[in-house]
Every structure is written in structure tokens, then in C-alpha cells.
Amino acid sequence: MQRARLYNFVKGQRVRLNSLVSMKAQTLNTPAPCEEHPLVLEDMATPQPADDEVLVKVSVCGICRTDLHVVEGELPPRLPKIIPGHQVVGTIVEKGKAAKRHAMGARVGIPWLHRTCGVCEYCRRGQENLCENAFFTGYTANGGYAEYAKAPESFVYPIPEGFDDIEAAPLLCAGIIGFRALRLANLQAGDTLGIYGFGAAGHVAIQVARHWGMKVVVCTREARHQKLARELGAEWVGGGQDTPPVRLNAAIIFAPAGELVPAALALLKKAGTLVLGGIHMSPVPSLPYELLYHERIVRSVANNTRQDGIDFLRVAAEIPIRTQTQVFALQEANEALEALKHDGIQGAGVLSISG
Ligand SMILES: [Zn+2]
Ligand SMILES: [Zn+2]
């Protein structure tokens, strides 16, 4: 559908047809295990951008473990019905009255951080990732498992030219979160980083870490992920419970497995940081205090600021980051999530919508 077709002239007056034009969308009504195919392909009204928003014709949408947590209900439903997906790449086909930042036709990405309030104590302290009143794409605002999606213009990112749509999609969450996790890990060139779990975020984080001169070891259970880690320059690769032969300056756990926390802490050097990269994790077992002593730090990553996204996309284009993707059709969203759940995706999964 072209922009021209969004309008019609009725008795000389321009009438918006969006509310009449329907789009295909994968919607979630009731969370359930993805094997039960809780996403339903429906016809819905094309969204209408508010004054400060843009409407994006979706080319592709990356799939993320957070989508799985939304669909399966680990993240409690906040709306009776939601379109998941927060790594949305597409072009602007319509703008609200006050939306002036991007040109019509610009290629942009809609990320997880959909909108913040700008006035709460966290927003005022430069920690908008912790905003008390934030909206999240694909969770508390409709996302990109659909032909169209809308978002505030100041929360979408221009996509650097060196990436095609499919390559760009996993950068928008997995990439940005991996980047923020790496920043919070507080490493210097020459340091050794351990990465636990090597999916979409891990395979981007290793490329940034290597670019910054760090050595990386990877623990991941899937043989295919281990192979990819070696190809991307890991110095040592082992299974989830294997012990790397070196002590770590920092570790990042991307796998949603709390039992990895003591194992990773046991490998950290003094003052090392353990970063937990997921939005959901199984319970963390109790720890002997000596694992934390010597100023070791355990911290989670929650969302990202817009500045993280801007900085990451710049670095990603500079390196340049190469993402490995496996493409599914919009109709296959349930199957794609199932593959993700069972570690069946090499790199990152991406739904192709109009791309
Ligand atoms: Zn706020
Ligand atoms: Zn995500």
C-alpha cells in the first residue's frame, strides 16, 4: 500500500482511509506456550499516528527472546491484545502533524523503548531506560509483527546505510542490549570477557568486544552456536557448564538461566562485573559470600537509553557488525518463536513482512 492510497477525496475533502484499510498482524490475546500457537494472524485497522508519531510500513521485524516471554506470559500481560515485535525496520509512510524529525520515506527502526515520560525521577537523571511510565514496543504498545507500526518520532532510529533491512533488525534490540551490557561490564582493551548464551545478543556483543580489543570466551550448549562463536573470534568455546581455562574480568549472561550466576561469579577476578542481560531469568541459587567478596559486582541490564541506541548503531556501522539471520514469513511467527525457544536459530531470527 502506498501513501497515496492512505487518503481518498470525498466530496472534495481529504479523508483518511487508514481506519478503513486493514493490515495483517500477528496478535496475542492469551499468553500460552508457543507450541500451542498463541499468535493469531488477523486483519486489523492500520494504526493512525498521533501528532508526534510516524507510521512505518514494516519491511522486517526481528524476533527476540523477550517476544517469547511476552507470548508465553513470563512477562504478565498489560493489554488484552497485543502485536509483539520490537526490532522493526521499515519506511515512514505517514507522519503526525508535529513530526518533523524524519523525512517521508526515511528508513528507520522502532526499538523496544517505545516512549518515556521525560518527567519522572529516572528520566530527569538521564536514566530513561528505567522510566516509571515507559511504554515498550510489542508489550505495552503494538509492535512490528504486522504490516504497519507506529511510534513516536523521537524514539525511532535512522538505520545506517551499510545494513540491509534483514541485517539491521537484530541490531535494534539484541544489538543495543548486548552493547549496553558490554558497557556496563566495565572492561578495558586486553581484558577477558566471558559470554554465557550465544544467540542474537551474544553474537553481536562478541564483535563489539573484539573490536574494542578484548579477549572473549563463550559458554553455550548448542553445537551450532559454539561454531559461530569460534568463527567470530572466541578464544575458547565450551558448553554451558564447562569451565573456561582463564579467569574473567567480566562476564555477561544472556541465557535466561539463574543457575549460571554462581558458576560465572566463581570465574570472575577481583572487582569483576557480572552482567545479566535478560529481562527474565530463572531463580538465582543462593551464593556463598566469598563469590561476591573482593568487590565483585552483579547487575542486570534493563532496557536501554536512546543514547545507547545511537552510539551502538554508529559503532555497528564502523566495525561493521555482521549479523547472522534466519528469515521466517510473518505467517510463521509461532514457528519462529518455537525455534528460538529450542535454540534452533543460528544468530537471530527475523520475520520478513514486506521486505
Ligand atoms: Zn520517565
Ligand atoms: Zn528484545
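Here, the structure is the one placed above.
An account of the accompanying structure is given in this report. As the structure is a prediction and not an experimental result, all values here were calculated from the model.

So, on to the nonpolar core. Among the nonpolar cores identified, the biggest contains 49 residues, and Leu 193, Ile 195, Val 218 and Phe 312 are the most heavily contacted of them. For this core, the elements supplying multiple residues, two or more each, are α4 (174-184), β12 (192-196), α5 (200-211), β13 (215-219), α6 (223-231), β15 (248-253), α8 (306-318) and β19 (348-352). Once you skip the residues sitting within four places of it in the chain, Val 218 turns out to touch Ile 195, Phe 198, Ile 206, Ala 229, Ala 234, Trp 236, Val 237 and Gly 238. Listed in part, the 48 residues of the second largest apolar core include Val 71, Ala 151, Phe 155 and Leu 340.

Looking now at the coordination of the zinc ion (ligand 2). Of the protein atoms, only Cys 64 (SG), His 86 (NE2) and Cys 173 (SG) coordinate the zinc ion (ligand 2), at distances of 2.0 to 2.2 Å. Of note, the zinc ion (ligand 2) draws all its donor residues from one chain, in the sequence arrangement C-x21-H-x86-C. You can see His 86 sitting in the loop between α1 (65-72) and β6 (88-95) and its partner Cys 173 sitting in the loop between α3 (165-168) and α4, a full 87 residues away along the chain. The residues His 86 and Cys 173 share a single accessibility class, namely buried.

Take the pairing of β13 next. Of all five residues in β13, four are buried, a share of seventy percent or more. Sheet analysis places β12 next to β13, joined by five bridges and oriented parallel. Each bridged residue has a counterpart across the sheet, and for Leu 193 the counterpart in β13 is Val 216. Following the backbone out of β12, through α5 and into the adjacent parallel β13, one traces a crossover that is right-handed. Taken together, the three bridges between β13 and strand β14 (residues 236-238) define a ladder with parallel strand orientation. When the sheet's bridge partners are listed, Cys 219 is paired in β14 with Gly 238. The parallel pair β13 and β14, bridged by α6, forms a crossover whose chirality is right-handed.

Cut-offs used in this document
- Residues numbered from 1 in each chain as written.
- Chains lettered and ligands numbered in written order.
- Predicted model: local features only at pLDDT ≥ 70, side-chain atom pairs only at ≥ 80, totals over all residues.
- Heavy atoms only, no water.
- Core = buried A, V, L, I, M, F, W, Y, C linked by side-chain atoms within 4.5 Å.
- Buried < 20%, exposed > 50% of the residue type's maximum accessible area, 1.4 Å probe, protein only.
- Helix = DSSP H or I, 4+ residues; strand = E, 2+ residues; numbered from the N terminus.
- Contact = heavy atoms within 4.5 Å.
- Donors = N, O, S within 2.8 Å, 3.2 Å for Na, K, Ca; no water.
- Pairing = 2+ DSSP bridges.
- Right-handed = clockwise from strand over helix to strand, strands pointing away.

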